[in-house]
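# Examination of the molecular architecture
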Amino acid sequence: RSSRNSYLTAGMRKQAPAIYKALSTRTADLTASSKEVRDAVTADLEAVGFEVSYVSVADPREMTEKNDSDKIANSIVSIACIVRDGETQCRLIDNVVVPTNESA
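The structure reproduced in this document is the subject of the present report. As the structure is a prediction and not an experimental result, all values here were calculated from the model.

Here we take up the pattern of salt bridges. All told, the structure shown has 5 salt bridges when counted by the stated rule. The salt bridge involving arginine 38 is made with glutamate 65; its shortest N-O contact spans 3.0 Å. With arginine 38 in helix 3 (residues 34–47) and glutamate 65 in the loop between strand 1 (51–58) and strand 2 (75–85), the pair connects residues that are 27 residues apart, well separated along the chain. For arginine 38, a relative accessible area of 13% puts it in the buried group. Between arginine 84 and glutamate 51 there is a salt bridge, with the nearest N and O atoms lying 2.9 Å from each other. Highlighted residues: arginine 84 in strand 2 and glutamate 51 in strand 1, separated in sequence by 33 residues. The partly exposed category is assigned to arginine 84, whose relative accessible area is 38%. Among the charged side chains, a network of salt bridges with common partners joins Arg38, Glu65 and Asp68.

Where helix 2 (residues 17–26) is concerned, the buried positions are Ile19, Ala22 and Leu23. Buried residues of helix 2 fall within an arc of 95 degrees about the axis and therefore sit on the same side. Residues of helix 2 that are buried sit in contact with helix 1 (10–15), helix 3, strand 2 and strand 3 (88–98).

Core analysis: the largest hydrophobic core is formed by 24 residues, its most contacted members being Ile19, Val41, Leu45, Val77 and Ile79. Looking at this core, the elements with two or more residues in it are helix 2, helix 3, strand 1, strand 2 and strand 3. If near-sequence neighbours (up to four positions away) are discounted, isoleucine 79 is found in contact with Ile19, Leu23, Val41, Leu45, Val52, Tyr54, Val55, Leu92, Ile93 and Asp94.

So, how was this worked out
- Residues numbered from 1 in each chain as written.
- Predicted model: local features only at pLDDT ≥ 70, side-chain atom pairs only at ≥ 80, totals over all residues.
- Heavy atoms only, no water.
- Salt bridge = Lys/Arg side-chain N within 4 Å of Asp/Glu carboxyl O.
- Helix = DSSP H or I, 4+ residues; strand = E, 2+ residues; numbered from the N terminus.
- Buried < 20%, exposed > 50% of the residue type's maximum accessible area, 1.4 Å probe, protein only.
- Arc of directions from axis to C-beta.
- Contact = heavy atoms within 4.5 Å.
- Core = buried A, V, L, I, M, F, W, Y, C linked by side-chain atoms within 4.5 Å.

Structure follows, in structure tokens:
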């Protein structure tokens with residue numbers, strides 16, 4: 001459990017699972033492009049009140065950003081976003097490792 005969780009209000013704690021849900025849902029299709037995933041994760045989270053700072057789709061070895069047209073198989077998808085509850089805000093980060101698509 002992250003020590004940052006102590007900064008979250010009860011409302012923020014209820015919102016936070018949306019981050020992992022967006023990441024896991026949008027990375028399920030290994031043939032999706034990096035741009036499709038970046039755009040979809042951003043849209044999903046902005047729709048529920050997050051301010052998205054960035055969504056990264058990177059090569060897991062080099063940690064270089066993948067091109068927009070590259071497929072997401074064999075990548076790390078990371079996000080940084082801000083969640084707010086009244087005057088309180090907190091920056092949250094998360095990531096998922098997307099496996100290699102052996103059949104592609």
